[in-house]
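This is what each chain is made of:
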Amino acid sequence: MNLYDEDEIVDAELVDDSALALAQEPPAQLLVDHNTVLYPGQAIPTTADGPRYSERDLYVSDEAKKILKETDPTESGPMRAFKDWCAEQGRVAVPCTTATFTEYGLHLMNRELKVATIKNYMSRIKTAMPPGRKPDNSLCLRLLADYRKNNKRALRTRQAFPLTLPYVVPMMEKAEADGRPIGIRDAAMFAFGYRFLGRSIEDADVMIEDLTVMDDRIVVWIAEDKTHKGEAQTIPLKDRPDIQLVRRMRRWLEYLASVGVTTGPVFRHLLKNGMPATEATRAKTATTRGAHLRGHVVNERVKHWFAAAGLVSDGSPVTSHGLRAGGATDLAEAGATDQELEEAGRWAKGSAIPRKVYVRPAEAGKKDPFDKVPVHDPERKGE
């Protein structure tokens with residue numbers, strides 16, 4: 001049977017295939033604006049002059065994909081919390097609207113978080129939004145200004161308890177007392193953290209190949225830090241009889257070498273049997289940090305050995321940052337200048353932190369105007 005009726009007549013016009021293809025192409029548009037400047041004889045640019053991309057131009061490699069996924073700002077802690085809140089509220093998280101961004105800022109204020117914490121979280125959320133789709137933060141800043149004005153306690157920041165020598169030495173001794181690999185690692189990590197005066201993440205990021213261990217010091221090479229972006233530094237850490245940095249680091253590095261680890265992170269995750277976790281194992285459980293210790297693990301180890309050594313703080317939180325704070329506090333109390341502290345802790349030049357957080361409190365602790373007032377003694381009243 002024929003598919004068409006013999007009597008069916010179709011009115012149509014035959015066209016050339018190339019003409020049909022050309023007809024489907026959108027007309028070229030001029031690419032000019034008020035800043036366009038052309039030389040005499042130069043053709044006016046149009047969309048037809050632009051590059052023609054293929055699939056090759058659109059895909060990145062597997063290596064780039066892995067790095068980009070590991071550094072995805074949308075997977076940070078503040079961003080995950082924001083996504084969860086948006087899901088509960090029926091709002092779109094990425095890209096979010098200015099209204100959603102503002103309302104989430106108010107949500108954090110209603111939780112009575114510190115002003116500095118809220119500013120940090122909201123900044124990271126805004127940064128995580130796609131280019132050209134970032135919310136306007138001006139309304140959130142107005143809410144935060146009112147919050148700051150009416151919640152004075154929200155301005156208070158609690159400094160980490162400084163793990164000075166009277167604290168860090170007992171912690172190290174307790175950690176390595178039973179000779180277990182995890183204690184040997186932690187004692188070396190505490191000695192290094194105190195003497196290096198590094199931020200917690202900087203301590204955990206140090207690589208074996210970046211250390212030179214000598215008899216009286218350890219030389220550390222770092223590619224950059226928070227205040228010296230793109231600026232490599234070579235930092236000598238002279239040993240001390242109380243910290244025993246060389247002995248403790250050598251003991252830990254020798255253990256790693258005995259189980260076949262001679263490169264990579266110095267401070268790494270250990271399994272219950274004391275063996276370092278393999279790269280394959282860590283790739284499944286710590287996709288971002290890999291073999292490096294995660295920040296919360298370092299915090300947990302500091303808290304654990306602080307308590308195990310029978311130590312008590314003044315109510316300030318005990319965290320891994322206390323190692324940096326402890327070294328800085330000891331320096332300040334020993335009379336170190338602002339500049340000496342700034343250089344030792346690699347603070348930005350002119351930073352107010354060394355003087356405000358360490359030097360000034362140390363000086364205030366030594367000077368009390370009431371020391372000039374004679375001690376009252378009733379028995380000597382008539383003399």
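Please refer to the structure higher up on the page.
Bear in mind that the values here come from a model prediction, so they are computed numbers and not experimental data. Counting from 1, residues in each chain are numbered in the order their sequence is written. Confidence filtering applies because this is a predicted model: local features only for residues at pLDDT of at least 70, side-chain atom pairs given and counted only at 80 or more, and all residues used for totals across whole chains, interfaces and linings. Note: side-chain values were computed over all heavy atoms of the structure, leaving out hydrogens and water.

## Let's talk about the packing of aromatic side chains
Aromatic contacts are taken between Phe, Tyr and Trp rings whose centres are within 6.5 Å, Trp giving its six-membered ring; a plane angle under 30 degrees counts as stacked, one over 60 as edge-to-face, and the others as tilted. The final tally for this structure, using the stated rule, is 9 aromatic pairs. On the numbers, 4.9 Å between centres and 90° between planes, the contact of F161 with Y167 is edge-to-face. Assessed through its relative accessible area of 23%, Y167 is described here as partly exposed. Ring centres of F192 and F267 lie 5.9 Å apart, and the angle between their planes is 55°; this geometry places the pair in the tilted category. Here F192, found in helix α8 (residues 181-196), pairs with F267, found in the loop between α10 (245-258) and α11 (279-285); they are 75 residues apart in sequence, far enough to count as distant. Taken together, the ring pairs connect F82, W85 and Y104 into an aromatic cluster. Only lysine NZ and arginine CZ atoms are considered, and such an atom sits over a ring when it is within 6 Å of the ring centre and within 35 degrees of the ring normal. Positioned over the ring face of W347 is R324, at 4.1 Å from the centre of the ring. Only protein chains enter the calculation, and the probe is 1.4 Å; a residue is then buried if its accessible area is under 20% of its type maximum, exposed if over 50%, and partly exposed in between. Secondary structure counts use DSSP, requiring at least four H or I residues in a row for a helix and at least two E residues in a row for a strand, with both numbered from the N terminus.

## Some thoughts on the side chain of D203
With respect to the helices, strands and loops of the structure, D203 is situated in helix α9 (residues 200-205). Put simply, D203 is tucked away with no salt bridge, and the nearest opposite charge, on R346, sits 6.0 Å away. Charged residues are defined narrowly, with Lys and Arg counted positive, Asp and Glu counted negative, and His plus the chain ends left uncounted. By definition, a salt bridge exists where a carboxyl oxygen of Asp or Glu is found within 4 Å of a side-chain nitrogen of Lys or Arg.

## Focus on the pattern of salt bridges
Under the defined criterion, the tally for this structure stands at 10 salt bridges. A salt bridge links D216 to R217; the nearest nitrogen and oxygen atoms lie 3.1 Å apart. Relative accessible area serves as the criterion here: at 36%, D216 is assigned to the partly exposed category. Residue classification places R217 among the partly exposed positions, given a relative accessible area of 26%. In the salt-bridge network here, residues are joined through shared partners; they are E176, R247, R248 and R251.

## Description of the pairing of strand β3 (residues 233-238)
With burial as the criterion, only one face of β3 is covered, namely that bearing Q233, I235 and L237; the residues T234, P236 and K238 on the opposite face remain uncovered. Here strand β2 (residues 217-222) pairs with β3 via 6 bridges, running antiparallel. The residue of β3 that forms the bridge with W221 is T234. Here, any two strands with at least 2 DSSP bridges between them count as paired.

## Regarding α8
For α8, built from 16 residues, the straight-helix expectation of 22 Å at 1.5 Å per residue is met to within 8% by its first-to-last C-alpha distance of 22 Å. The buried count for α8 comes to 13 of 16 residues, which makes it a mostly enclosed element. Once α8 finishes, L197 follows within two positions and takes phi at roughly 55°, a positive value. Take the residue count of a helix, subtract one, and multiply by 1.5 Å to get its expected span.

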